[in-house]
Amino acid sequence: MRSTTTRSAASSPRSSARNSYDAEEFVEVTLDLQEDTIVLRSVEPASAVPGFELDSSATTPRSGTSRSPSIRRSSSHRLRQISQELKAEAVARAKQFSHDLKAELKRFSWSHGRGSVASTSAASGDAASAIESALAARAARRQRAQLDRSRSGAHKALRGLRFISNSKANAWNEVLTNFDKLDCDGYLSRSDFAQCIGMTESKEFALELFDTLRRRRGAKIDKITKEELREIWSQITDQSFDSRLQIFFDMVDKNADGRITEAEVKEIIMLSASANKLSRLKEQAEEYAALIMEELDPERLGYIELWQLETLLLQKDTYLNYSQALSYTSQALSQNLAGLRKKGPIRKLRTKLGYYLEENWKRLWVIALWICIMAGLFTWKFIQYRNRYAFHVMGYCLTTAKGAAETLKLNMALILLPVCRNTITWLRSTRAARVLPFDDNINFHKTIAAAIVVGVILHVGNHLTCDFPRLMASSPEMYSPMKHDFGDVKPSYMKLVRGPEGVTGVLMVLCMLVAFTLATSWFRRSLVKFPKPFDRLTGFNAFWYSHHLFIIVYILLIIHGQFLYFIHHWYKKTTWMYLAVPVCLYAGERILRALRSGYSSVKILKVAIYPGNVLTLQMSKPPAFRYKSGQYMFVQCPAVSPFEWHPFSITSAPGDDSLSIHIRQLGDWTRELKRVFAEACEPPVGGKSGLLRADETTKKSLPKLLIDGPYGAPAQDYKNYDVLLLVGLGIGATPFISILKDLLNSIIKAEEQDDAIADLYPPRGGHVDLATLMSITSRPRRILKTTNAYFYWVTREQGSFDWFKGVMNEVAELDQRGIIEMHNYLTSVYEEGDARSALITMVQALNHAKNGVDIVSGTRVRTHFARPNWKKVLSKTCSKHPNAKIGVFYCGAPVLGQELSKLCYEFNQRGTTKFEFHKENF
């Protein structure tokens, strides 16, 4: 339909009188010839472009040096003559093309009957005119695109369209190793190509790439040799953007006619969606293919060409202006320079120690106090028994066992305090929060448990293996002073073990062994796999029920403390004294939970089961239930288990009329809870979403639900920070949804208050109601200490965005001040620059620019691909907010938590911006 030619001419003296032209400047002239239009691209000295060559696709001239788009004009007569000749040729070719097209249309009209010759001729003339205008318009667009294409733009595009993400130097050696493993008689089959080059997760895309390269080579067999594999590998790892672009174009252009139709675009979108696990994108592939054609084919010719695809790749950033990156400031850069100055080893050590103490001083003084108390008790008891006669018979085994027993009494009392959640929640609101690390209550609970294990080993081990045998081996003369403690007849070893002290001690050890073992992460998280029926020994249920053996342990401990061999007066038996307050406090909390959950009954208002096995429960809020954003509550469902309570973050804002929680199926209890509520849900009807839902109108009765709380969490203190950096992985986003809602409500109320005050000031000469003005202005203004909040949510499944779609849209719509900035990351999609996600990125940019909706999340918030660069995230946040106090709140896998904590520590040493890291613990 069109003839396009790109020429390059170099003027040089050709006359016999060559010396007369030696003084003239040698230039290279680049001209673009398109139909009846000729464009003077550039005029440069010939020596500046020694390696000029023309691309094989005849789309873009390339040179060894960067070309400026500005035109350098020459007054040379020969240059004007060449220009006129080329332009004349272009006009002649365009006229010939138009004449041939009209002739073809005329022949087509005669083949459809002679009775309508006049009308058909007119129609064909109009069609030819329309096509000619469309071709001219596209030629003009191509001309502008080529003029806009700069070397810097091409260099930027080099980061895109990577077929192989593995950039290791020995990548080819790995491919050769895979070839040797998979080859059959020296050939690699098409089905093994994906595994050989490392594209096992996107096999369909790899097979399409194989077919494209095979089609380019003219081969039709489904097997390749090692040499052919090397040739293919060199093509897909070529550093030239033009080469990679051509391969990608050929993948779409199945019939190799140099044009891509809408059907071919749809096919490659579906292929890319499959490679990136975007099932919903496949369903809308036809719509997005039409969107690309609408953008790249405004002339409606029905096809696009290579240069148009290149233009979209190089200019896609212009469509992404709806997600501005954090900007740097000169002040922030200058403060970070302080961290680059060289420091001596002593200064480095002092700085590192100073920041370590600053970050951990609360933990350190509590641990130090606890260790000192244990050491004091151990020493006191050790010296006490060192001065008794029994020491001469049993030796240091007795003193060590008794010293360990005293620490066990203390730790068995202390271990209950970190799990008294109501008490800790109350203490968070007092001045005690300034000096006590309440966020580490569970970690302290685990630390005390470890100390109990050490104490049990010292106490029980010394009794059974040391002092009891030494007592048995003592002579009658040595035993005689000990008759008051053990009786007139020296007891046997088995009598000591079978006695009240021995039996209670052994039973306590067995109960602790079971509880401690099933509480480890291997068993609690079902990392250890057992065959049925022993698989019930793993999972949260096994941990929860085994942990309640502590009731038996405390009863046995009190009995054990009443049958001591060396102490006979009741007031000297101190075990019950250690346990009295903590046990009563913990028992009171459990009684309060039972009373409060029965009194504060809730009614299920709405149930929804989202993709990714996420259950959302919306329930009525009891009148006395007051909570802060970031807190959590315990939930019990008697239909699943009449005893188990599980903690879940509250995702509704304090100002909402109802409570909501989001529960992901991660264990046996949550799996059963989802099943129970799924049975109450009704199947979706036509015109509604495919989600399982239930509400008050549901015919089936909904299961009963009990709640207890709220309980304190690190995120509840978010208002103490100037800037918030909220990071959630998967369902770990739940604690921060309530914070975002609360921030949004505070923003709206502040704006409403400002509007109300503004409305009280009438135009000049109007009446002012002073009473109303004074009443409103006397109210305390809602001043937000938090100036900005950045929410980073990382998930693996596209369906996860349905959980908080409403919240994200609401934040994007109502946050006119730009206080909240949301970033979604989908890790199932290959990172930006990968050929497998290139078209997805284009469609995403185009759709958001046109409709304001992200194609992945279905919201107004842009979705990024792959994982965030957390160091860059903290660096940009630090640069944008110098001298600020930034609270980093994280909920997710421990690995990323350690990375974020380390990064916060590193950035705190660089400048005046301070990061405080908090991790959610339940």
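Structure: see above.
The sections below set out a description of the structure shown in this document.

Comments concerning the environment of E682
Then comes step 1: Within the secondary structure layout, E682 lies in the loop between α27 (668-680) and β13 (692-695).
Then comes step 2: For the pair E682 and R693, spaced 11 residues apart in sequence, the C-alpha to C-alpha distance is 6.4 Å.

Some remarks on the pattern of salt bridges
Then comes step 1: Under the counting rule described, the total for this entry stands at 13 salt bridges.
Then comes step 2: The shortest N-O distance in the salt bridge between D180 and K226 comes to 3.3 Å. Of the two residues, D180 sits in helix α4 (residues 171-182) while K226 sits in helix α7 (residues 226-236), which places them 46 residues apart along the sequence.
Then comes step 3: D180 sits in the partly exposed class, given a relative accessible area of 48%.
Then comes step 4: Exposure remark for K226: the relative accessible area of 31% places this residue in the partly exposed category.
Then comes step 5: Salt bridges linked by common partners bring K381, E406 and K409 together as one network.

Remarks on the packing of helix α9 (residues 262-275) against helix α31 (residues 835-851)
Then comes step 1: One can describe the packing of α9 onto α31 by two numbers: an axis separation of 8 Å at closest approach and a directional angle of 115°. As far as their axial angle goes, α31 and α9 are roughly perpendicular. Judged by the twist between their axes, the crossing of α9 over α31 is left-handed. Between α9, through V265, I268, I269, S272 and A273, and α31, the contact on the second element is made entirely by R836, L839, I840 and V843.
Then comes step 2: Class assignment of the residues belonging to the contact of α9 with α31 gives a composition of seven nonpolar, one polar and one charged.

Points about the packing of helix α16 (residues 396-414) against helix α18 (residues 441-472)
Then comes step 1: Contact geometry of α16 with α18 gives a least axis separation of 8 Å together with a crossing angle of 150°. With respect to α18, the element α16 is oriented roughly antiparallel. For the pair α16 and α18, the sense of crossing is left-handed. On α18, the residues that touch C397, L398, T400, A401, A404, A405, L408, N411, M412 and L414 of α16 are I448, A451, I452, G455, V456, L458, H459, N462, H463, C466 and D467.
Then comes step 2: Of the residues assigned to the contact of α16 with α18, the class counts are 14 nonpolar, six polar and one charged.

Considering the environment of V853
Then comes step 1: Structurally, V853 can be placed in the loop between α31 and β18 (863-865).
Then comes step 2: The spatial distance from the C-alpha of V853 to the C-alpha of N809 is 9.6 Å, given a sequence separation of 44 residues.
Then comes step 3: Other than its neighbours up to four places away in sequence, V853 contacts N847, H848, G858 and T859.

Here we look at the sheet that holds strand β11 (residues 646-649)
Then comes step 1: Overall, antiparallel pairing links the three strands, which are arranged β11-β10-β14 in an open sheet. With one partner strand each, in any of the chains shown, β11 and β14 (706-711) form the two edges of the open sheet. Adjacent strand axes in the sheet meet at a mean angle of 30° when their direction is disregarded.
Then comes step 2: Here strand β10 (residues 632-636) pairs with β14 via four bridges, running antiparallel. Bridge assignment links V635 to a residue of β14, and that residue is I707.

Some thoughts on the state of the cysteines
Then comes step 1: What the rule picks out here adds up to one disulfide.
Then comes step 2: The disulfide that involves C397 links it to C466, with 1.5 Å between the sulfurs. Of this pair, C397 sits in helix α16 while C466 sits in helix α18, placing them 69 residues apart in sequence. With respect to burial, C397 and C466 carry one shared label: buried.

Definitions and cut-offs
The numbers attached to residues start from 1 for each chain and follow its sequence in the written order. Local features in this predicted model are restricted to residues of pLDDT 70 or higher, and side-chain atom pairs are both shown and tallied only at a pLDDT of 80 or more, whereas totals for entire chains, interfaces and linings draw on every residue. The side-chain values count all of the structure's non-hydrogen atoms but skip hydrogen atoms and water molecules. We count a stretch as a helix when DSSP gives it H or I for four or more residues in a row; a strand needs E for two or more, and each element gets its number in order from the N terminus. By definition, a salt bridge exists where a carboxyl oxygen of Asp or Glu is found within 4 Å of a side-chain nitrogen of Lys or Arg. Only protein chains enter the accessibility calculation, which uses a 1.4 Å probe; a residue whose area is less than 20% of its type maximum is buried, one above 50% is exposed, and one in between is partly exposed. Each axis is a line fitted through C-alpha atoms, and for a helix only the stretch in contact is used; angles between axes span 0 to 180 degrees, taken between their N-to-C directions. An angle counts as roughly parallel when it lies under 35 degrees, as roughly antiparallel when it exceeds 145, as roughly perpendicular when it falls between 65 and 115, and as oblique in every other case. The sense of a crossing depends on the near helix, which, turned anticlockwise from the far helix by less than a right angle, makes the crossing left-handed and, turned clockwise, makes it right-handed. Residue contacts are defined here by distance: any two heavy atoms, one from each residue, within 4.5 Å place the two residues in contact. Charged residues are taken to be Asp, Glu, Lys and Arg, nonpolar residues to be Ala, Val, Leu, Ile, Met, Phe, Trp, Tyr, Cys and Pro, and polar residues to be all remaining types, Gly included. The rule for pairing is simple: two strands pair if DSSP sees at least two bridges between them. Disulfides are defined as pairs of cysteine sulfur atoms found within 2.5 Å of each other.

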